[in-house]
Amino acid sequence: MPEPASDVLIAGGGFAGLALACALRQSLGPSFRVAVADPAFARPPSDARASAIAAGARRLFETIGVWAAVADDTQPILDMVITDSKLDDAVRPTFLTFGGEIAPGEPFAHMVENTPLLAALVERAAQGGVVLLPTSLKDFSSRSPSAHRRVTAELGNGQVHATRLLVAADGAHSRVRAGAGITCTSWAYPQSAIVTTVAHERPHHGRAEEHFLPAGPFAILPLKGLRSSIVWTEEASEAQRIVALPDDAFHAELEARFGLHLGEIVAVGPRRAFPIGLAIARAFVAERVALIGDAAHVIHPIAGQGLNLGLRDAAALAECITDAARLGLDPGGPDVLSRYQRWRRFDTVAMGITTDGLNRLFSNRSDVLRLVRDIGLGMVDRLPRLKDSFIHQAAGLAGEVPKLLRGEAL
Ligand SMILES: Cc1cc2nc3c(=O)[nH]c(=O)nc-3n(C[C@H](O)[C@H](O)[C@H](O)COP(=O)(O)OP(=O)(O)OC[C@H]3O[C@@H](n4cnc5c(N)ncnc54)[C@H](O)[C@@H]3O)c2cc1C
């Protein structure tokens, strides 16, 4: 039987898939063959969103040689304020503030625009010798008796690609996950997130704001320059109505929530509403298959942690594969896969429950719940050690932290 075409084939060249590919080539060198299949490689990357990249994820990007390409255009989050009010309240009292450093000179997160970050990852992967296949994964088989320690994948361009390990990094509607027979615990929230970019007159000084309003959180996240990224949660039908409004009516809705503390504002760039759901795969592995990123879990964007969780998966899987490959072991073998699953599943379920609980607690019109949460926020604000532990969680530096998120090469 001929040698497999790769040691690891990754279906999906989003953030999680490309980060894993770069990390594996860096740690295991040119003899370890990594391929990524994604039809999106046929065109230049394009995603109008921006993401809050936690400190751990930034260290990963720095270690795999991607951060330098985007650093000049990122915006550190220097502090964060949280308010809780109704839309028509005259003032929005601040209940909680966070100073933004996890170590001297190291902000707990940076805002980064998705398109340049994806472009930098694609370039780094290509330079590092990752084989980029501009096609989809259609089907695969790892269970037949003739499998011989390999997965046989059928690609959208008609080619057949054999590999030792198939990684599902193909997003929320993962074909690989479905093909492996893995189901999800999932539900849809009756909410959508409107995303747009706003230019404003006055500087934001690196401050992120999260305003908890009855329909859901309205987040103002600082971008480089006099701009901020908006993630604005509304009931789903209301979100559809708002994004379809003419510019002046959209501006009025935006200003009612944004306020005038940064001077005059104007929405720049496209606006889009994203459906919001929670889905956690019932297993993160199957025979010669591992799930990472949104293919393994989708969570509410309330804490801006979805991508950060996916990068944590990529870092943990890269570490499991590297440790095994250095001992001459099979990268798709059961020991590698069960170590990866043990490492990542609990952390993910905990984050899913936390974001779900936060959304239920904050996105409602109950005055009683409002009183309870405001007392809670006020107490957290007075307990520096508790605040510190929240900051470390949000920075992705709590629990069993993969080496790449600690800034250590594998
Ligand atoms: C409104 C909103 C705001 C958010 N803000 C933040 C934030 O601030 N911080 C944060 O951490 N997270 C945030 N997230 C979450 C974050 O965007 C996602 O978790 C992240 O993009 C998932 O990355 P991924 O690489 O796992 O999947 P994706 O980015 O979905 O990439 C999947 C890739 O797989 C490819 N693909 C699909 N099917 C196939 C196939 N059959 N074969 C081959 N390739 C395939 C696709 O073309 C795509 O390139 C937000 C999400 C939303 C909705």
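Up top you'll find the structure we're talking about.
Conventions and cut-offs
- Throughout, a residue's number is its position along its own chain's written sequence, starting from 1.
- Only residues with pLDDT of at least 70 are given local features in this predicted model, and only at 80 or more are side-chain atom pairs given and counted; all residues enter the totals for whole chains, interfaces and linings.
- The side-chain numbers reported here are obtained from all heavy atoms of the structure, hydrogens and water having been left aside.
- Helix and strand labels come from DSSP, where a helix needs a run of H or I of at least four residues and a strand needs a run of E of at least two; each type is numbered from the N terminus.
- Only the C-alpha atoms count toward the radius of gyration. The rule for a globule is 2.2 Å times the residue count to the power 0.38.
- Under the scheme applied here, a residue whose accessible area is under 20% of the maximum for its type counts as buried, over 50% as exposed, and between as partly exposed, the area being computed with a 1.4 Å probe on protein chains only.
- Note on areas: these come from Shrake-Rupley sampling with a 1.4 Å probe, and a residue is covered only by the protein chains present in the view.
- The charge count includes Lys and Arg as positive and Asp and Glu as negative, but it does not include His or the ends of the chains.
- Taken as the charge location is NZ of Lys, CZ of Arg, CG of Asp or CD of Glu.
- In this text, buried Ala, Val, Leu, Ile, Met, Phe, Trp, Tyr and Cys residues form a nonpolar core when linked through side-chain atoms within 4.5 Å.
- Here, residues are in contact when the closest pair of their heavy atoms is within 4.5 Å.
- The near set for a molecule or strand comprises every residue that places at least one heavy atom within 4 Å of it.
- Polar contacts here mean pairs of N or O atoms no more than 3.5 Å apart (in protein, one a potential hydrogen donor and the other a potential acceptor; neighbouring residues in sequence count only if both atoms are side-chain atoms).
- Each residue is assigned to one class: nonpolar for Ala, Val, Leu, Ile, Met, Phe, Trp, Tyr, Cys and Pro, charged for Asp, Glu, Lys and Arg, and polar for all the others, Gly among them.
- Only strands joined by at least two bridges in the DSSP assignment are considered to pair.
- Note on definitions: salt bridges are taken to be side-chain nitrogens of Lys or Arg within 4 Å of carboxyl oxygens of Asp or Glu.
- Lines fitted to C-alpha atoms define the axes here, with helix axes fitted over just the stretch in contact, and angles between the N-to-C directions of these axes take values from 0 to 180 degrees.
- Geometric relationships in this document are graded by angle, where less than 35 degrees denotes roughly parallel, more than 145 denotes roughly antiparallel, 65 to 115 denotes roughly perpendicular, and other angles denote oblique.
- Each crossing gets its hand from how the near helix is turned against the far one by less than a right angle, where anticlockwise is left-handed and clockwise is right-handed.

Chemist: What's the story with the overall build of the protein in this structure? I'm lost.
Modeler: Looking only at helices and strands, the protein has eleven helices and 21 strands in total. Computed over the C-alpha atoms, the radius of gyration of the protein is 22 Å, within 12% of the 22 Å expected from 2.2 N^0.38 for a compact globule of 410 residues. In terms of overall dimensions, the protein has a C-alpha envelope of 75 × 45 × 40 Å along the principal axes. Counting across all 410 residues of the protein, residues that qualify as buried make up 55%. Surface exposure of the protein reaches about 17700 Å², of which carbon and sulfur atoms provide 57%. With 41 positive and 44 negative side-chain charges, the protein shows a spacing of 6 Å between the two charge centroids.

Chemist: What should I look at first to understand the nonpolar core in this one?
Modeler: Soluble globular proteins tend to bury their nonpolar side chains together. Grouped together as the largest cluster of nonpolar side chains are 108 residues, with contacts concentrated most on F61 and I64. Look past the residues within four positions of I64 in its chain and what remains in contact with it is A19, C22, A23, Q26, L121, R124 and L404. Counting residues in hydrophobic clusters, the runner-up holds 17 residues, among them V198, A239, I242 and L254.

Chemist: I would appreciate a short explanation of the site of the ligand in the present structure.
Modeler: Within the structure, the ligand sits among 27 residues, and D38, A52, L137, D294 and L307 are positioned closest to it. The backbone of L137 places a nitrogen or oxygen atom 2.9 Å from a nitrogen atom of the ligand. Between an oxygen atom of the ligand and a side-chain N or O atom of D294, the distance comes to 2.7 Å. Starting from 1000 Å² of accessible surface for the ligand in isolation, the protein chains cover 81%. Every element with two or more residues in the shell around the ligand is listed here: α1 (15-28), β3 (50-54), β14 (184-200) and α8 (306-326). With three residues, the top contributor of residues to the shell around the ligand is α8. Residue classes in the shell around the ligand are distributed as twelve nonpolar, ten polar and five charged.

Chemist: What is the right way to read the pairing of strand β18 (residues 265-281) from this model?
Modeler: Every other side chain in a regular strand lies on the same face of the sheet, so the side chains alternate between the two faces. Sheet topology places β14 next to β18; 13 bridges connect them, and they run antiparallel. Across the sheet, the residue bridging to W187 is L278, located in β18. Of the strand pairs in this sheet, β18 and strand β21 (residues 297-298) are connected by two bridges, and their pairing is antiparallel. Bridged to I280 within β21 is H297.

Chemist: Quick question: what am I supposed to make of the pattern of salt bridges here?
Modeler: Evaluated as defined, the whole model comprises 22 salt bridges. The salt bridge involving R33 is made with D7; its shortest N-O contact spans 3.4 Å. Here the residue R33 occupies a position in the loop between α1 and β2 (34-37), and D7 occupies one in strand β1 (residues 6-11), the gap between them amounting to 26 residues. Classification of D7 as buried rests on a relative accessible area of 11%. The salt bridge partner of R257 is E253, with a shortest N-O separation of 3.0 Å. In this pair, R257 and E253 are both assigned in helix α7 (residues 247-258), four residues apart and thus about one turn of the helix distant. Salt bridges sharing partners connect three or more residues here, namely E234, E238, R241, E253 and R257.

Chemist: Just to check I follow, could you spell out the side chain of H204 for this structure?
Modeler: For H204, the position within the fold is in the loop between β14 and β15 (207-213). In terms of polar contacts, H204 uses its side chain to reach the backbone amide nitrogen of G206, at 3.0 Å. At 3.5 Å, the side chain of H204 and the backbone oxygen of R227 are in polar contact. Excluding residues that lie within four positions of it along the chain, H204 makes contacts with Q75, P222, L223, G225, R227, S228 and L262.

Chemist: Looking at this structure, how should I read the environment of A52?
Modeler: Examined against the element boundaries, A52 turns out to sit in strand β3. A52 sits 176 residues away from S228 along the chain, and the two C-alpha atoms are 12 Å apart. Apart from the residues within four sequence positions on either side, A52 is in contact with H110, M111, G304 and N308.

Chemist: Explain the packing of α1 against α8 to me, please; I cannot follow it from the model alone.
Modeler: Any two packed helices are characterised by how steeply their axes cross, that is the angle between the axes, and by the distance between the axes. Interhelical geometry of α1 versus α8 gives an angle of 30° and a closest axis separation of 9 Å. Judged by the inter-axis angle, α1 sits roughly parallel to α8. Crossing of α1 against α8: the hand is right-handed. Contacts between α1 and α8 involve F15, A16, A19, L20, A23, L24, S27 and L28 from the first element and L307, G310, L311, A314, L317, A318, I321, T322, A325 and R326 from the second. Residues belonging to the contact of α1 with α8 are distributed by class as follows: 14 nonpolar, three polar and one charged.

Chemist: Honestly, the packing of helix α2 (residues 55-63) against α8 in this entry has me stumped. Any pointers?
Modeler: Direction vectors running N to C along α2 and α8 enclose 50°, while the axes themselves pass 9 Å from each other. The angle between α2 and α8 falls in the class oblique. Every pair of crossing elements has a handedness; the one defined by α2 and α8 is left-handed. Note on element contacts: α8 touches α2 through N308, L311 and A315, opposite A57, L60 and F61. For the contact of α2 with α8, the residue count by class is five nonpolar, one polar and no charged.

Chemist: Can you help me understand the side chain of S228 in this one?
Modeler: Locating S228 in the fold gives a position in strand β17 (residues 227-235). The exposure class of S228 is buried, given its relative accessible area of 1%. Not counting chain neighbours up to four residues away, the residues in contact with S228 comprise T196, T197, V198, H200, H204, I220, L221, P222 and L223.

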